[in-house]
Structure formats: structure tokens, C-alpha cells
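Here's the letter readout for the chains.
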Amino acid sequence: VKRVNVDNIYNHVAYLSEEIGSRGAGTEGELETVEYLVNQFESYGYENVSVQEFTFPSGGDEVTSYNVEATKEPLKKHDTGQEIIVGSHHDSVPWGQGANDDASGTAALLELARVYASTTTDTSIKFVAFGAEEYGLWGSRKYAEAMSAEDAENTVAMFQMDMVGSEDAGDLVMFTANGEKNTVTDLGSAAGSRVSELVPYSELGRSDHVAFHNLGIPAALFIHTPLEPWYHTEDDVMEHISKEKLKNVADIVGSAIYQAARKDTPALE
Ligand code: PHE
Ligand code: ZN
Ligand code: ZN
Ligand code: ZN
């Protein structure tokens, strides 16, 4: 996607990780993050930004967290009735700034939302930044739970970006919940994902694509592997973020979305 501007992505990572800092679910940092996300989406022209509030149990308490969503509507006359979800998680572990995990994916999500605000599609694209991923994928599970059967039926692809900007991590890989290829990994490969090594993984390696897979929706996680040594430490900071990595992922996911969002794409009938 030519119009992806990597400086925008980089600046979002800086804002989220340095200006806001730690974004643990249920903290002040999360509230600032939600406000930032809503403001950004609205500044791109989205008039339908929605915030889904939910609670999850943690240490005997019910903690409140939020999913933030902006929807790109298709061109009416070509509307396929299909939907695509592009996701990331906006929370960090409570003890760190989470520049890579997952300010990077959230920053790429914002930039793709900006680009798609002025790109014609035949399919609706939902850009969703999930909350409380780190406490057990709560945001995506609550989101999936709230989807109508019709929405689930019409959702043809889910792209998750989690940890996509570290200079110290390895190559871009797509993970699926069952280790098998699907529509999303096919589109990712066609868009130039250099590595398409599908590794089944444990509970630890999960991200927000899993809830959608469980609904029968083709879903994949875009991530760099092997993970950087700063993973889930307080050293997951801006200094280790690579513009090249960010640009590469945003271009690939952006192009894959484009293929999925046009009516004449052969990958989706
Ligand atoms: N879900 C992990 C996190 O957010 C990311 C991850 C996914 C790590 C897959 C390894 C493998 O921290
Ligand atoms: Zn994490
Ligand atoms: Zn993560
Ligand atoms: Zn580094």
C-alpha cells in the first residue's frame, strides 16, 4: 500500500509508549489510550467510532477495559455484504511501555485506518484495537461474544498485528490458531510476507485472532519471530523499534486487506 506513511506509524508508537507509557488494562494509561484512539480515528473522517466497554476478573476484582473500533463502509453499489476485521491490542503489560507489544500493531492499525478512510472498497473493514489482551485475550473474546450470528457469518477474514516493529526480533511470520493455512495466510503470502511458516503454538503464544478462529472465521496473527529479548520486560521501549519493520508489515497487511476488500478478488467467493 503506497500511501502508508511510516513516520505516522512511528509517531503513534512514540505517543503510545512514551507520551502515555504503560497501558495496563484498567489503568489511567488505558483511558488515555482509548481517548487517543478515538481522536485519531475521528481525525481520519470515521464518524462511527465505537467503544465497547467490558469487564474481566483479575485478582478478585472486576476490571473495566475497552475495545475501540472504526468501520470503513463499502461503496454502496458494490457492497458484498462481507466484513473484514483488522486488529491489534492497545494494552501493554502493566510494568512496561510495550512499544513493540503492542503499540507497534496498534500504530500500524491506525495508519491503515487512515489510508483506508479514502480507499474505495466493496467490503466493510472493521479496525479494532482490543483491550486486556495481556490478561487473557479478554477484549477479543468479549468482542467475538458480542458478534451476531449474521456478523460472524459475513466476516471473511481477520488480520491481527501483534509485535510487528522490533529491530531485535526475527522475520515476519503468520500464525494461525490451528497451525493450518487459510484465506488470511494465503493473502498474506501473496502480499509478500517473506516467511509463511505456520507453527502451532501453546497458550502462551496466543493473540486476538484466536477468538475469531473459534467462530470459524479465517484468522491469522502477523508477528516477528524469534521474539526480541525485551519481550514482556520494561526494556520493550521505542529505542528498539525499527521503521523498516513497521513499514514492511503495514505494506503487507495493507495490501492483503485490499485483496480481501475488493469484490473481484478470487480468494473469496
Ligand atoms: N500474545 C502474545 C502477547 O501479546 C504475543 C505472542 C504471540 C507471543 C505469539 C508469542 C507467540 O504478549
Ligand atoms: Zn504481550
Ligand atoms: Zn501482544
Ligand atoms: Zn535494539
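To keep things clear, this report deals only with the structure shown in the data block. (Residues numbered from 1 in each chain as written. Chains lettered and ligands numbered in written order. Predicted model: local features only at pLDDT ≥ 70, side-chain atom pairs only at ≥ 80, totals over all residues. Heavy atoms only, no water.)

## Re the coordination of the zinc ion (ligand 4)
Coordination of the zinc ion (ligand 4) by the protein involves Glu-167 (OE), Asp-168 (OD) and His-240 (ND1), with metal-donor separations of 2.0 to 2.2 Å. All donor residues of the zinc ion (ligand 4) come from one chain, and their arrangement in sequence is E-D-x71-H. Taken together, the residues span a long stretch of sequence, with Glu-167 in the loop between strand 5 (155-161) and strand 6 (171-175) and His-240 in the loop between strand 7 (219-225) and helix 8 (243-261) at a distance of 73 residues. Among the residues examined, Glu-167 registers a relative accessible area of 42% and is labelled partly exposed. What makes His-240 buried here is its relative accessible area of 13%. (Donors = N, O, S within 2.8 Å, 3.2 Å for Na, K, Ca; no water. Helix = DSSP H or I, 4+ residues; strand = E, 2+ residues; numbered from the N terminus. Buried < 20%, exposed > 50% of the residue type's maximum accessible area, 1.4 Å probe, protein only.)

## Considerations on the pairing of strand 3 (residues 83-89)
Where burial is concerned, most of strand 3 is hidden: seven out of the seven residues are buried. Where burial is concerned, the two faces of strand 3 agree: the one with Glu-83, Ile-85, Gly-87 and His-89 and the one with Ile-84, Val-86 and Ser-88 are both buried. With seven bridges connecting them, strand 3 and strand 4 (residues 124-130) associate as parallel partners. From the neighbouring strand, Val-86 faces strand 4, where its bridge partner is Phe-127. In this fold, strand 3 hands off to helix 3 (residues 99-117), which returns the chain to strand 4; that crossover is right-handed. (Pairing = 2+ DSSP bridges. Right-handed = clockwise from strand over helix to strand, strands pointing away.)

## Observations concerning the sheet that holds strand 4
Spatially, 1-2-4-3-5-7-6 is the arrangement adopted by the seven strands of the open sheet, whose pairing is mixed. Sheet topology places strand 1 (50-58) and strand 6 at the edges, where each strand pairs with a single neighbour. If you compare each strand with its neighbour and ignore which way they point, the axes differ by 25 degrees on average. Here helix 3 sits on the sheet and contacts strand 2 (61-72), strand 3, strand 4 and strand 5; the angle it forms with strand 3, its principal contact strand, is near 145 degrees. Most of the contacts of helix 4 (residues 138-146) go to strand 1, to which it runs at about 120 degrees, and overall it touches strand 1, strand 2, strand 3 and strand 4. (Axes fitted to C-alpha atoms, helices over the stretch in contact; angles between N-to-C directions. Contact = heavy atoms within 4.5 Å.)

## Thoughts on the coordination of the zinc ion (ligand 2)
Within the protein, the zinc ion (ligand 2) binds to Asp-101 (OD), Glu-134 (OE), Glu-134 (OE) and His-232 (NE2); these donor distances fall in the range 1.9 to 2.5 Å. Geometry at the zinc ion (ligand 2) is irregular, judged from the six donor atoms that bind it and their angles of 49 to 150 degrees at the metal. Each donor residue of the zinc ion (ligand 2) belongs to the same chain, and together they define the spacing D-x32-E-x97-H. The metal-metal distance between the zinc ion (ligand 2) and the zinc ion (ligand 3) is 3.5 Å, with Asp-101 coordinating both. You can see Asp-101 sitting in helix 3 and its partner Glu-134 sitting in the loop between strand 4 and helix 4, a full 33 residues away along the chain. What makes Asp-101 buried here is its relative accessible area of 3%. (Tetrahedral: all angles 85-135°; square planar, octahedral: opposite > 155°, others 65-115°.)

## Focus on the pattern of salt bridges
Per the counting criterion, the structure on display carries five salt bridges. Between Lys-126 and Glu-83 there is a salt bridge, and its shortest N-O distance comes to 3.0 Å. Of the two residues, Lys-126 is situated in strand 4 and Glu-83 in strand 3; the sequence distance between them amounts to 43 residues. Neither Lys-126 nor Glu-83 differs from the other in exposure class; each is buried. When the shortest N-O distance is used, the salt bridge between Asp-251 and Lys-247 registers 2.7 Å. With a gap of four residues between them, Asp-251 and Lys-247 both fall in helix 8, about one helical turn apart. Residue class for Lys-247 comes out partly exposed when judged on its relative accessible area of 29%. Here the salt bridges do not stand alone but share partners, grouping Glu-83, Lys-126 and Asp-151 into one network. (Salt bridge = Lys/Arg side-chain N within 4 Å of Asp/Glu carboxyl O.)

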